[in-house]
Amino acid sequence: MDDRSLQRRKEFARRARQFYDGRMGRSEVLADVEAEDYADPVLKALLEVVQNQPKKSRFSGLWGRPYDAYVDRARSLIDDAER
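What this report covers is the structure whose coordinates are included nearby. (Residues numbered from 1 in each chain as written. Predicted model: local features only at pLDDT ≥ 70, side-chain atom pairs only at ≥ 80, totals over all residues. Heavy atoms only, no water.)

### Re helix α3 (residues 41–51)
Now for step 1: Among all positions of α3, only Leu43, Leu46, Leu47, Val49 and Val50 are buried. Along α3, the residues classed as buried sweep out an arc of 160° about the axis, all on the same side.
Now for step 2: Tucked into the core, α3 has its buried residues touching α1 (3–20), α2 (26–29) and α4 (65–82). (Buried < 20%, exposed > 50% of the residue type's maximum accessible area, 1.4 Å probe, protein only. Helix = DSSP H or I, 4+ residues; strand = E, 2+ residues; numbered from the N terminus. Arc of directions from axis to C-beta. Contact = heavy atoms within 4.5 Å.)

### Let's talk about the environment of Val33
Now for step 1: Along the polypeptide, Val33 turns up in the loop between α2 and α3.
Now for step 2: The class of Val33 is partly exposed, set by a relative accessible area of 25%.
Now for step 3: Taking C-alpha positions, Val33 is 14 Å from Arg14, a pair spaced 19 residues apart along the chain.
Now for step 4: Residues within four places of Val33 in sequence aside, it is in contact with Arg8, Phe12, Tyr38 and Leu47.

### A word on the packing of aromatic side chains
Now for step 1: Under the definition given, this model contains one aromatic pair.
Now for step 2: Ring centres of Phe19 and Tyr20 lie 5.0 Å apart, and the angle between their planes is 75°; on these two criteria the pair is classed as edge-to-face. By the burial criterion, Phe19 is buried, and Tyr20 matches it. (Phe/Tyr/Trp six-rings, centres within 6.5 Å; stacked < 30°, edge-to-face > 60°.)

### So, the packing of α3 against α4
Now for step 1: Two elements in contact, α3 and α4, have axes whose closest approach is 9 Å; the angle formed by their N-to-C orientations is 150°. The two elements α3 and α4 cross, and the hand of that crossing is left-handed. Contact residues: Val42, Ala45, Leu46 and Val49 in α3; Tyr70, Arg73, Ala74, Leu77, Ile78, Asp80 and Ala81 in α4. (Axes fitted to C-alpha atoms, helices over the stretch in contact; angles between N-to-C directions. Left-handed = near helix turned anticlockwise from the far one by under 90°.)

### Notes on the environment of Glu28
Now for step 1: Position of Glu28 among the secondary structure elements: in helix α2.
Now for step 2: As for Glu28 and Ala16, which are separated by 12 residues in sequence, their C-alpha atoms are 9.4 Å apart.

No statement about biological role is implied by the geometric values presented.
In structure tokens, the structure reads:
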């Protein structure tokens, strides 16, 4: 893995962490995603989780523990991307 890939992985991990902390919007996280970012399996999983993040509501089916499990999975992907 080259330095550019690692740098992009860490940048998206930083943005995703801010998204899950409520300090950044989803569109800002996904602002300059490139096709080659999806070639990195760790980054691909992280980007897909952020893209598909449902709203926390009873209507979405994610409320309480299931929603918390989804967020925990996202945070573990963020931790993996920061390594």
